[in-house]
Amino acid sequence: MLVAYPFVMAIYLSMTSRSFSGPASFIWFANYWELLQDDLFRQTVRNSFVFTGVSVAVKTVLGLVLAVALNRTLRLHRMIRGAVLLPWVVPTALSTLGWWWMFDSLYSVINWVLVHGGFVDKGYQWLGTPHLAMAAVIAVNIWRGLPFFAILTLAGLVAIPKELYEAAEVDGAGPLARFFLVTLPLLRPVLLVVILFSTIFTFSDFNIVYVLTRGGPMNSTHLFATLAHNIGLAGGKLGEGAAISLFMFPLLALFVFFQLRMIQREQSL
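Criteria and thresholds
Residues numbered from 1 in each chain as written. Predicted model: local features only at pLDDT ≥ 70, side-chain atom pairs only at ≥ 80, totals over all residues. Heavy atoms only, no water. Axes fitted to C-alpha atoms, helices over the stretch in contact; angles between N-to-C directions. Helix = DSSP H or I, 4+ residues; strand = E, 2+ residues; numbered from the N terminus. Parallel < 35°, antiparallel > 145°, perpendicular 65-115°, else oblique. Left-handed = near helix turned anticlockwise from the far one by under 90°. Contact = heavy atoms within 4.5 Å. Nonpolar A, V, L, I, M, F, W, Y, C, P; charged D, E, K, R; others polar. Expected span 1.5 Å × (residues − 1). Bend = angle between axes of the 7 residues up to and from the residue. Buried < 20%, exposed > 50% of the residue type's maximum accessible area, 1.4 Å probe, protein only. Phe/Tyr/Trp six-rings, centres within 6.5 Å; stacked < 30°, edge-to-face > 60°. Lys NZ or Arg CZ within 6 Å of the ring centre and 35° of its normal. 1 Å grid on protein atoms, 1.4 Å probe; cavity = no way out; pocket = protein on both sides within 12 Å on 5 of 7 lines; lining within 4 Å. Points joined across faces, edges and corners; volume = space filled by probe spheres on them. pLDDT = per-residue confidence, 0-100. Polar contact = N/O pair within 3.5 Å; in protein donor to acceptor, adjacent residues only side chain to side chain.

## Topic: the packing of helix α1 (residues 4–14) against helix α13 (residues 238–246)
The relative placement of two packed helices is expressed as an angle between their axes plus a distance between the axes.
Consideration 1: For the pair α1 and α13, the least separation of the axes is 7 Å and the interaxial angle reads 120°. The angle between α1 and α13 falls in the class oblique. The hand of the α1/α13 crossing is left-handed. Packed against α1, whose contacting residues are Phe7, Ala10, Ile11, Leu13 and Ser14, the element α13 presents Gly239, Ala242, Ala243 and Leu246 at the interface.
Consideration 2: Split by residue class, the contact of α1 with α13 holds seven nonpolar, two polar and no charged.

## Side note on helix α10 (residues 175–203)
Consideration 1: Taking 1.5 Å as the rise per residue, α10 with 29 residues should run 42 Å; its terminal C-alpha atoms sit only 35 Å apart, a clear shortfall.
Consideration 2: Arg188 marks where α10 bends most, by close to 50°; the proline Pro189 follows one to four residues later.
Consideration 3: Among the residues of α10, Arg178, Val182, Thr183, Leu187, Leu191, Leu192, Val194, Leu196, Ser198, Thr199, Thr202 and Phe203 are the ones counted as buried.

## Observations regarding unusual backbone geometry
Consideration 1: Residue Gly216 is joined to Pro217 through a cis peptide bond whose omega torsion reads -5°.
Consideration 2: Within the element layout of this structure, Pro217 appears in the loop between α11 (207–212) and α12 (224–234).
Consideration 3: The backbone of Arg214 sits at a positive phi, close to 55°, despite the residue not being glycine.
Consideration 4: Structurally, Arg214 can be placed in the loop between α11 and α12.
Consideration 5: In this structure Arg214 comes out as partly exposed when scored by relative accessible area, which is 47%.
Consideration 6: Here the phi dihedral of Met218 falls at roughly 55°; this positive angle occurs in a residue that is not glycine.
Consideration 7: Position of Met218 relative to the elements: it lies in the loop between α11 and α12.
Consideration 8: Residue class for Met218 comes out exposed when judged on its relative accessible area of 66%.

## Some words on the packing of aromatic side chains
Consideration 1: Following the criterion strictly, the structure yields 20 aromatic pairs and no others.
Consideration 2: Where Tyr124 meets Trp126, the ring centres are 5.5 Å apart and the plane angle is 70°; that geometry is what we call edge-to-face.
Consideration 3: What makes Tyr124 partly exposed here is its relative accessible area of 35%.
Consideration 4: We classify Trp126 as buried; its relative accessible area is 15%.
Consideration 5: By the ring-pair criterion, three or more aromatic residues cluster together here, those being Phe29, Tyr32, Phe41, Phe49, Phe203, Phe224 and Phe247.
Consideration 6: We note Arg144 situated over the ring of Trp88; from NZ or CZ to the ring centre the distance is 5.5 Å.

## Considering the layout of surface pockets
Consideration 1: Of the pockets and cavities examined, the largest pocket occupies roughly 600 Å³.
Consideration 2: Considering the residues around the largest pocket, the lining is formed by 14 residues, among which Val68, Asn71, Arg72, Lys162 and Tyr165 are closest to the centre.
Consideration 3: Mapped by element, the contributors of at least two residues to the lining of the largest pocket are α8 (130–158), α9 (162–170) and α10.
Consideration 4: In terms of residue count, α10 provides more of the lining of the largest pocket than any other element does, four residues in total.
Consideration 5: Here the residues of the lining of the largest pocket are counted per class, giving seven nonpolar, three polar and four charged.

## A few points about the confidence of the model for the chain
Consideration 1: Overall, the prediction assigns the chain a mean pLDDT of 84, with 96% of residues at 70 or greater.
Consideration 2: For the chain, helix α4 (residues 77–84) is the element with the lowest average pLDDT, namely 73, and α11 is the one with the highest, namely 92.

## Considerations on the side chain of Ser95
Consideration 1: For Ser95, the position within the fold is in helix α6 (residues 92–102).
Consideration 2: With near-sequence residues (within four places) excluded, Ser95 lies in contact with Val90 and Trp143.

## Considering the side chain of Thr226
Consideration 1: Tracing the sequence through the fold places Thr226 in helix α12.
Consideration 2: Overall, Thr226 belongs to the buried group, its relative accessible area being 1%.
Consideration 3: Side chain to side chain, Thr226 and His222 meet in a polar contact 3.0 Å long.
Consideration 4: Thr226 has contacts with Phe206, Val209 and Tyr210, leaving out every residue within four places of it along the chain.

Right, here's the structure in full:
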């Protein structure tokens, strides 16, 4: 009930002209049709796919590398594994405020390092330039989501029997061959599940973009969630805001369907 009622209510609102002021009427799919003709919404769709695709791809590679590194026997390995979780544990708004300060045009510690290190002559406007702003929100999302990816992948690595590595080593397989012939095939079901959840979390992200850029500059970092907030809550157009939010549902449903099919195929092999 806690899930079904808000979902059904969102569908109803998306088919009305509901706003903070004035009467509401049932308009069926008019909100969706208007969104498809809106340049800002089409740009938001592109932004969402770029943001999600790049973030998940980088988290997949770096998370796998970090998990392999954490799987080695190191001194204080439990403390190190706990420290890796800090970006995931710290409240999103609080940690993003720290990144906002690091990207600030006047007080950016990143610009200070680049200028005083001799890499550039002048600091960048990280949150004031469209492409740099998108790169900034992607970087913060990767930083926050990487521990989730690494720890779950590490759990899959720990479950792989060591006898398989010993047998592969006896057969003459080197470290790289053992990784591609033993580690990666056995990790594939775990990776598919982690990618599934990471894609859902990333695609529906709100806090990072809202705190850093509010969707700017020039709407270059708007995602579905931030655009729905600006139009539905800040702008008072509840029906149109609900329609924007629901545009994510069929896209994510298709992705979840195909991912689950792949997971089932992996488990049946």
